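# Residue-level structure breakdown
Letter by letter, the chains look like this.
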Amino acid sequence: QVQLVESGGGLVQAGGSLRLSCVASGRPFSSYAMGWFRQAPGKEREFVAAISWSGGTTYYAESVKGRFTISRDNAKNTVYLQMNSLRPEDTAVYYCAADPRIAAIVNVGRATSWGQGTQVTVSS
(Lines give C-alpha, C1' and ligand atoms only; values in the text may rest on other atoms or scores of the structure.)
Protein backbone atom coordinates (compact mmCIF):
# COMPACT_ATOMS: atom_id res chain seq x y z
CA GLN A 1 0.00 0.00 0.00
CA VAL A 2 0.89 3.62 -0.35
CA GLN A 3 0.34 6.03 2.52
CA LEU A 4 -0.86 9.53 1.66
CA VAL A 5 -0.74 12.72 3.71
CA GLU A 6 -2.36 15.94 2.47
CA SER A 7 -1.50 19.47 3.48
CA GLY A 8 -2.02 23.03 2.31
CA GLY A 9 -5.67 23.55 3.11
CA GLY A 10 -6.92 26.64 4.84
CA LEU A 11 -9.17 29.67 4.68
CA VAL A 12 -9.08 31.88 1.61
CA GLN A 13 -11.28 34.61 0.16
CA ALA A 14 -13.20 34.08 -3.04
CA GLY A 15 -10.96 34.65 -6.02
CA GLY A 16 -7.89 33.59 -4.12
CA SER A 17 -5.60 30.60 -4.52
CA LEU A 18 -4.35 27.63 -2.57
CA ARG A 19 -1.97 24.81 -3.38
CA LEU A 20 -2.60 21.42 -1.85
CA SER A 21 0.16 18.87 -1.49
CA CYS A 22 0.02 15.13 -0.98
CA VAL A 23 3.14 13.25 0.06
CA ALA A 24 3.22 9.51 -0.57
CA SER A 25 5.21 6.77 1.11
CA GLY A 26 5.29 3.00 1.06
CA ARG A 27 4.92 1.69 -2.49
CA PRO A 28 6.89 3.35 -5.27
CA PHE A 29 5.12 6.61 -5.97
CA SER A 30 5.74 6.45 -9.69
CA SER A 31 3.73 3.22 -9.93
CA TYR A 32 0.47 4.99 -9.11
CA ALA A 33 -1.94 7.25 -10.83
CA MET A 34 -2.98 9.99 -8.43
CA GLY A 35 -6.13 11.94 -7.93
CA TRP A 36 -7.99 14.45 -5.82
CA PHE A 37 -11.53 14.20 -4.53
CA ARG A 38 -13.56 16.52 -2.35
CA GLN A 39 -16.56 16.27 -0.09
CA ALA A 40 -18.62 19.18 1.12
CA PRO A 41 -21.07 19.01 4.04
CA GLY A 42 -24.29 17.38 2.92
CA LYS A 43 -22.86 16.30 -0.41
CA GLU A 44 -21.41 13.14 -1.88
CA ARG A 45 -17.71 12.84 -2.46
CA GLU A 46 -16.87 14.01 -5.95
CA PHE A 47 -13.98 13.60 -8.33
CA VAL A 48 -11.83 16.69 -8.85
CA ALA A 49 -8.72 15.77 -10.85
CA ALA A 50 -6.39 12.91 -11.73
CA ILE A 51 -2.93 12.46 -13.20
CA SER A 52 -1.19 9.47 -14.76
CA TRP A 53 2.02 7.79 -13.59
CA SER A 54 4.20 9.94 -15.80
CA GLY A 55 2.18 13.10 -15.45
CA GLY A 56 1.48 13.13 -19.17
CA THR A 57 -2.27 12.66 -18.88
CA THR A 58 -4.64 14.66 -16.70
CA TYR A 59 -8.38 14.73 -16.12
CA TYR A 60 -10.56 17.33 -14.46
CA ALA A 61 -14.10 17.64 -13.31
CA GLU A 62 -16.00 20.12 -15.43
CA SER A 63 -16.57 22.34 -12.43
CA VAL A 64 -12.85 22.98 -11.94
CA LYS A 65 -11.53 23.04 -15.51
CA GLY A 66 -9.52 26.15 -16.18
CA ARG A 67 -9.16 26.91 -12.47
CA PHE A 68 -7.42 23.89 -10.94
CA THR A 69 -4.21 22.21 -12.06
CA ILE A 70 -2.97 18.82 -10.92
CA SER A 71 0.72 18.01 -11.16
CA ARG A 72 3.22 15.59 -9.68
CA ASP A 73 6.87 15.49 -8.78
CA ASN A 74 7.91 11.85 -8.63
CA ALA A 75 11.35 12.73 -7.28
CA LYS A 76 9.61 14.21 -4.23
CA ASN A 77 6.84 11.59 -4.07
CA THR A 78 4.35 14.43 -4.15
CA VAL A 79 1.21 15.35 -6.06
CA TYR A 80 -0.14 18.89 -6.07
CA LEU A 81 -3.44 20.58 -6.69
CA GLN A 82 -3.10 24.24 -7.57
CA MET A 83 -6.45 25.92 -7.04
CA ASN A 84 -7.02 29.36 -8.51
CA SER A 85 -10.08 31.59 -8.75
CA LEU A 86 -11.58 29.82 -5.78
CA ARG A 87 -15.31 30.04 -5.17
CA PRO A 88 -17.36 29.46 -2.03
CA GLU A 89 -18.74 26.30 -3.63
CA ASP A 90 -15.20 24.89 -3.65
CA THR A 91 -15.38 24.66 0.14
CA ALA A 92 -14.87 21.02 1.09
CA VAL A 93 -12.53 18.50 2.59
CA TYR A 94 -10.08 17.54 -0.13
CA TYR A 95 -8.71 14.00 -0.27
CA CYS A 96 -5.69 12.69 -2.08
CA ALA A 97 -6.04 9.26 -3.69
CA ALA A 98 -3.82 6.69 -5.40
CA ASP A 99 -4.57 3.74 -7.66
CA PRO A 100 -2.59 1.67 -10.17
CA ARG A 101 -5.12 2.59 -12.87
CA ILE A 102 -6.19 6.11 -13.61
CA ALA A 103 -9.44 4.79 -15.08
CA ALA A 104 -10.46 3.59 -11.63
CA ILE A 105 -10.08 7.09 -10.26
CA VAL A 106 -11.69 8.94 -13.14
CA ASN A 107 -14.45 6.57 -14.22
CA VAL A 108 -15.27 4.58 -11.09
CA GLY A 109 -14.32 7.02 -8.36
CA ARG A 110 -12.34 4.49 -6.35
CA ALA A 111 -8.75 4.23 -5.24
CA THR A 112 -6.48 1.80 -3.46
CA SER A 113 -5.27 4.40 -0.96
CA TRP A 114 -6.70 7.58 0.50
CA GLY A 115 -5.30 10.43 2.50
CA GLN A 116 -6.85 11.80 5.67
CA GLY A 117 -8.16 14.95 4.03
CA THR A 118 -7.43 18.65 4.32
CA GLN A 119 -10.04 21.36 4.80
CA VAL A 120 -10.44 24.10 2.22
CA THR A 121 -12.76 26.96 3.11
CA VAL A 122 -13.53 29.75 0.66
CA SER A 123 -15.27 32.78 2.08
CA SER A 124 -17.33 35.30 0.16
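So, here is what we can say about the structure in this document. Numbers given for residues are sequential positions, taken from 1 along each chain in its written order. Selection of residues for local features in this predicted model requires a pLDDT of at least 70, selection of side-chain atom pairs for listing and counting requires 80 or more, and totals for whole chains, interfaces and linings are taken over all residues. The basis for every side-chain value is the complete set of non-hydrogen atoms in the structure, without hydrogens or water.

### As for the pattern of salt bridges
Salt bridges are counted wherever a side-chain nitrogen of Lys or Arg sits within 4 Å of a carboxyl oxygen of Asp or Glu. For the structure shown, the criterion picks out 5 salt bridges. Salt-bridge contacts for Asp 90 lead to Arg 38; the nearest nitrogen and oxygen are separated by 2.9 Å. In this pair, Asp 90 is assigned in the loop between β8 (78-83) and β9 (92-99) and Arg 38 in strand β4 (residues 33-39), connecting sequence segments 52 residues apart. For the pair shown, Asp 90 and Arg 38 are each scored as buried. To qualify as a helix, a DSSP run of H or I must reach at least 4 residues; to qualify as a strand, a run of E must reach at least 2; elements of each kind are numbered from the N terminus. To sort residues, take the accessible area from a 1.4 Å probe on protein chains only and compare it with the maximum for the residue type: under 20% means buried, over 50% means exposed, and anything in between is partly exposed.

### What about unusual backbone geometry?
Glycine aside, the phi torsion of most residues is negative, and most peptide linkages are trans. Of note in the backbone geometry, Asn 77 takes a positive phi value of approximately 55 degrees without being a glycine. For Asn 77, the location among the structural elements is in the loop between β7 (68-73) and β8. Accessibility expressed as a relative area gives 30% for Asn 77, which makes it partly exposed. Phi at Ser 85 is positive, roughly 50 degrees, even though this residue is not glycine. Looking at the element boundaries, Ser 85 is found in the loop between β8 and β9.

### Focus on the state of the cysteines
Any two cysteine sulfur atoms lying within 2.5 Å of each other are counted as a disulfide. Counted by the stated rule, this structure contains 1 disulfide. Across the disulfide from Cys 22 sits Cys 96; the S-S distance is 2.1 Å. When the S-S torsion is -85 degrees, as for the bridge of Cys 22 with Cys 96, the disulfide is left-handed. Here the residue Cys 22 occupies a position in strand β3 (residues 18-26), and Cys 96 occupies one in strand β9, the gap between them amounting to 74 residues. Both residues of the pair, Cys 22 and Cys 96, belong to the buried class.

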